[in-house]
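Fold and geometry: a report
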Amino acid sequence: MLRFLADSQNYCDWLKGIDRLTKDQKEVLYQRLKSELEGTREKTSNTVGLKIEDTVATKEISKVRIMADKPSSTIECCLHCGSVRIKKHGKTKGGITRYICKDCGKTFTENYGLITHYSHLSRHQLLEIVRGTISRLSITEIANNINVSTSTVWSYRMKIYQTIQNIYGQCDTFNNIVEADGKYERLSFKGCKDKTFFIDKLKRMPRHHRSRKERIEYLDSCNKYRELFENNPSLLKEMIYHSQKRMDGTRTIDRNHQHVCILTAVDRTNNIYLEAVSLGTPDSIEVYNRLQGKITKEAVLVTDDHHSYKYFTRKEMIEHVKIPGGTYVVGAYSLSRVNSLHSSLDKFISKDLESKPATKYLDLYLMMFWWLQKNKDVSNADLVSRLFSIMTGSIDNDSRSKMLPITIESLNSREFPIDTKNYF
Ligand SMILES: [Zn+2]
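Below is a summary of the structure that appears in this document. What you are looking at is a predicted structure, and each value in this text was computed from that prediction instead of being measured. Numbering of residues starts from 1 in every chain and runs along the sequence as written. The predicted nature of this model means local features are confined to residues of pLDDT at least 70 and side-chain atom pairs, given and counted, to a pLDDT of 80 or more, with totals for whole chains, interfaces and linings taken over all residues.

In this description, a line fitted to the C-alpha atoms serves as the axis of each element, helices being fitted only across the stretch in contact, and the angle between N-to-C directions of two axes falls anywhere from 0 to 180 degrees. Here a strand is any run of E in DSSP of at least two residues, a helix any run of H or I of at least four, and the numbering for each starts at the N terminus. The N-to-C vectors of helix α5 (residues 123-134) and helix α16 (residues 380-391) enclose an angle of 130 degrees; their axes lie 9 Å apart at closest approach. Relative to α16, the element α5 lies oblique. When the axes of α5 and α16 are compared, the crossing they make is right-handed. Residues Leu127, Val130, Arg131 and Ile134 of α5 pack against Asn380, Leu383, Val384, Leu387, Phe388 and Met391 of α16. Ten residue types, Ala, Val, Leu, Ile, Met, Phe, Trp, Tyr, Cys and Pro, are classed as nonpolar, four, Asp, Glu, Lys and Arg, as charged, and the remainder, Gly among them, as polar. Of the residues that constitute the contact of α5 with α16, the class distribution is eight nonpolar, one polar and one charged. What sets the label is the angle itself: under 35 degrees gives roughly parallel, over 145 gives roughly antiparallel, 65 to 115 gives roughly perpendicular, and the rest give oblique. Helix crossings get a hand from a simple test, with the near helix turned counterclockwise from the far one by less than a right angle marking a left-handed crossing and a clockwise turn marking a right-handed one. Contacts here follow a simple rule: the backbone-placed C-beta atoms of the two residues must lie within 7 Å.

As structure tokens, then:
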């Protein structure tokens with residue numbers, strides 16, 4: 001076996017290549033090979049039965065696999081009601097321990113709320129989704145790597161983001177010098193299945209309909225062609241002939257309200273707040289409601305000269321430093337931290353998918369970005385194992401109890417993260 005490997009030119013080239021890898025790359029490769037072997041072993045043991053060489057290596061691998069399959073945190077309270085009066089209640093067919101709560105009477109398994117709960121994917125595939133998410137691979141790349149559909153990968157990615165949101169939420173508070181600013185993202189209704197929504201509310205086509213033929217077919221499929229032909233021929237003409245750029249709906253909705261504002265705050269100790277707060281520019285009340293309780297009276301708030309922060313700082317009696325437009329620094333204060341956070345966010349959002357996320361999921365993307373920023377000094381390999389540990393329940397009990405099952409239905413039926421003020 002070894003001689004055969006040594007004879008192969010590919011194998012030799014491969015080994016030489018290993019020397020040129022960085023420590024992080026070696027770690028990723030190691031994890032990849034480890035999970036690759038777990039995968040083949042699973043397959044082999046399913047098809048060939050027990051004809052596996054009983055080498056030390058395979059013993060080691062199976063030991064790792066058995067340990068890794070078990071959620072390593074012990075369940076100490078009911079995952080439904082939080083009561084500590086729980087006891088073991090048999091096992092599932094797959095050997096997962098089931099618990100029953102003496103207070104609410106409900107049962108739950110060890111993997112309740114975890115990414116492995118009701119999952120048909122193997123551990124290797126789940127690990128690859130986590131690895132791909134950290135390495136910023138596209139949905140398509142991951143789907144190809146593990147041979148599943150892109151929609152499966154997408155739903156697992158959203159489950160990961162949603163889990164991070166369930167555990168952490170917007171939890172940072174500020175008591176130091178904190179810079180705040182808004183970032184604007186164009187609204188995206190990608191994935192919206194209600195065809196008439198685009199035409200009636202937005203007065204435009206979904207962006208992926210390019211050719212005239214496609215556009216006419218689209219209008220026809222939701223019975224809008226005839227209706228517009230009779231009642232609003234000028235709009236019909238616009239929808240079929242105008243370029244997508246011109247057809248931005250500005251006749252009904254001004255540019256400002258076609259964007260969502262992501263209110264952002266960051267301080268010098270890497271506390272971060274990021275939330276989609278409003279359609280268009282947030283007003284004073286909106287800013288107050290969002291920031292109230294997050295920024296303490298000891299803090300100094302640094303913003304641009306937009307008027308919507310004044311109400312908040314006066315009411316909360318927080319020192320406010322305004323950086324006027326066109327200038328960058330006032331004394332020791334600037335907005336450089338929040339600006340650089342925003343450019344990292346731009347990179348994150350645009351690299352995350354083939355295109356920008358639908359606004360409905362924007363808050364999930366912001367949570368994942370938050371988590372990555374909080375762990376920005378950690379190597380990729382460590383990030384992968386950290387994230388995978390969280391997803392498989394190796395986490396403190398308090399966080400574990402916040403991990404609730406996430407279904408595709410719940411992801412699809414998410415509400416818009418902002419008040420649309422009847423614009424939509
Ligand atoms: Zn209970």
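Having put the structure on the table, let's press on.
This paragraph deals with the packing of α5 against helix α7 (residues 150-168). Closest axis-to-axis distance for the α5/α7 pair is 10 Å, and the angle between their directions is 70 degrees. It follows that α5 is roughly perpendicular to α7 by the angle criterion. On α7, the residues touching Ile129, Val130 and Thr133 of α5 are Val153, Tyr156, Arg157 and Ile160. For the contact of α5 with α7, the per-class residue count stands at five nonpolar, one polar and one charged.

A word on the sheet that holds strand β1 (residues 86-91). In this description, strands pair whenever DSSP reports at least two bridges between them. Judged by pairing direction, the sheet is antiparallel, and its three strands sit side by side in the order β1-β2-β3 without closing on themselves. The strands lining the two open edges of the sheet, one partner per strand, are β1 and β3 (107-109). Across the sheet, the mean angle separating the axes of adjacent strands is 35 degrees when strand polarity is ignored. Where strand β2 (residues 97-101) meets β3, three bridges bridge the pair, whose relative direction is antiparallel. Each bridged residue has a counterpart across the sheet, and for Arg98 the counterpart in β3 is Thr109.

This part takes up the nonpolar core. Note that soluble globular proteins tend to have their nonpolar side chains buried in a common cluster. Each nonpolar core consists of buried Ala, Val, Leu, Ile, Met, Phe, Trp, Tyr and Cys residues. Their C-beta atoms, within 7 Å, join them into a set. Partly exposed residues are those whose C-beta has more than 12 but fewer than 20 other C-beta atoms within 10 Å; 20 or more makes a residue buried and 12 or fewer makes it exposed, with C-beta atoms placed from the backbone. If you look at the biggest cluster of nonpolar residues, it comprises 61 residues, and the most contacted ones within it are Val130 and Val178. In terms of residue count, the dominant contributor to this core is helix α15 (residues 362-374) (nine residues). For Val130, the residues in contact, after removing those within four places along its chain, are Ile160, Val384, Leu387, Phe388 and Met391. Counting residues in each nonpolar core, the second largest holds eight residues, with Phe198, Leu202, Met205 and Leu219 among its members.

Attention now goes to unusual backbone geometry. Positioned with a positive phi, Arg136 is a non-glycine residue whose angle comes to about 60 degrees. Here Arg136 shows up in the loop between α5 and α6 (139-146). Its 13 C-beta neighbours within 10 Å are what place Arg136 among the partly exposed residues. Of note in the backbone geometry, Asn223 takes a positive phi value of approximately 60 degrees without being a glycine.

Bear in mind that shape data such as this cannot, by itself, settle questions of function.
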